[in-house]
Amino acid sequence: MRSFSERILYEDNHLLIVNKRCGELTQGDETGDLTLGDLAKEYLRVTYDKPGNIYLGIPHRLDRPTSGAVLAKTEKALIRMNTLFREDKVDKTYWAIVDKAPPEIEGMLVNNLVKDGKTNKSQAFPADSKRGKRAVLSYRHRASSKNFHLLEITLETGRHHQIRAQLAAHTIHIRGDLKYGYPRSNRDGGISLHARTLSFIHPVKQERITIVAPVPDDPLWKVFEEMTT
């Protein structure tokens with residue numbers, strides 16, 4: 001449990017916030033692979049000597065290839081956190097390593113997104129399209145290396161694969177994201193998209209909580225982190 005406890009970014013009686021690893025499932029799927037939820041339940045069972053079934057809710061779900069902060073714990077907190085996420089009252093900032101810098105240092109992308117359930121992929125259309133749901137994100141170009149660029153992205157809406165689909169529609173591809181047009185996979189099979197921060201009003205204590213998730217243990221991520229501090 002030590003390796004899991006080292007990934008805990010915040011914990012109280014209501015919430016548990018854990019830094020999700022790239023490639024880790026937040027909840028079960030058809031693969032049957034061990035999930036972050038499984039590990040969290042075992043941590044709670046062992047740490048607090050809890051017998052029987054352990055309740056755990058996960059309102060903030062991330063794609064399997066994505067790393068970053070995930071939030072979970074208690075039914076009361078789950079109901080209230082679900083409301084905060086649904087009403088876009090949780091501020092989320094992502095870092096993405098991409099193959100091309102946008103033409104402007106900072107800006108906004110507005111599209112309509114259509115999800116294809118068969119391919120588990122979303123397609124971005126122009127904002128004036130009658131298809132799909134409106135998707136809005138803001139970006140800022142934070143740093144560049146010889147071959148890559150770091151973007152800081154803030155979501156104004158929460159759509160399926162929103163960042164990946166919108167960037168790809170503007171011929172900008174996230175490193176390792178084969179599904180959306182990057183030519184090569186990363187060594188770990190994930191993509192270079194990291195949920196960097198979560199900020200919200202605590203659902204019980206009514207005070208602002210801001211969580212910063214450390215970047216993945218990857219040389220390029222470390223270089224960009226040093227360039228921005």
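An account of the accompanying structure is given in this report.

About the criteria used
Residues numbered from 1 in each chain as written. Predicted model: local features only at pLDDT ≥ 70, side-chain atom pairs only at ≥ 80, totals over all residues. Heavy atoms only, no water. Core = buried A, V, L, I, M, F, W, Y, C linked by side-chain atoms within 4.5 Å. Buried < 20%, exposed > 50% of the residue type's maximum accessible area, 1.4 Å probe, protein only. Helix = DSSP H or I, 4+ residues; strand = E, 2+ residues; numbered from the N terminus. Contact = heavy atoms within 4.5 Å. Phe/Tyr/Trp six-rings, centres within 6.5 Å; stacked < 30°, edge-to-face > 60°.

Some remarks on the nonpolar core
Step number 1: Membership of the largest hydrophobic core comes to 30 residues, with the highest contact counts inside it found for Tyr94, Ile153, Ile163, Leu167 and Ile174.
Step number 2: Looking at this core element by element, the count peaks at four residues for helix H2 (residues 36-47).
Step number 3: Setting aside its immediate chain neighbours within four residues, Ile174 contacts Ala96, Ile97, Val98, Ile163, Arg164, Leu167, Tyr182, Ile191, Ser192 and Leu193.
Step number 4: Judged by nonpolar contacts, the second largest core, of 15 residues, contains Leu15, Leu71, Ala77 and Met81.

Thoughts on the packing of aromatic side chains
Here the distance between the centres and the angle between the planes together describe a pair of aromatic rings.
Step number 1: One pass over the full model with this rule turns up two aromatic pairs.
Step number 2: Ring geometry for Phe4 versus Tyr43: centroids 5.5 Å apart, planes at 45 degrees, classification tilted. On the criterion of sequence distance, the pair formed by Phe4 in helix H1 (residues 2-5) and Tyr43 in helix H2 is long-range, its members being 39 residues apart. For the pair shown, Phe4 and Tyr43 are each scored as buried.

Quick look at unusual backbone geometry
Step number 1: The phi dihedral of Asp49 falls on the positive side, at around 50 degrees, and the residue is not glycine.
Step number 2: Along the chain, Asp49 turns up in the loop between H2 and strand E3 (67-72).
Step number 3: Notably, Thr171 is not glycine yet its phi reads approximately 55 degrees, a positive angle.
Step number 4: As for its position among the elements, Thr171 is in the loop between helix H4 (162-169) and strand E9 (193-201).
Step number 5: A relative accessible area of 45% means that Thr171 is categorised as partly exposed.

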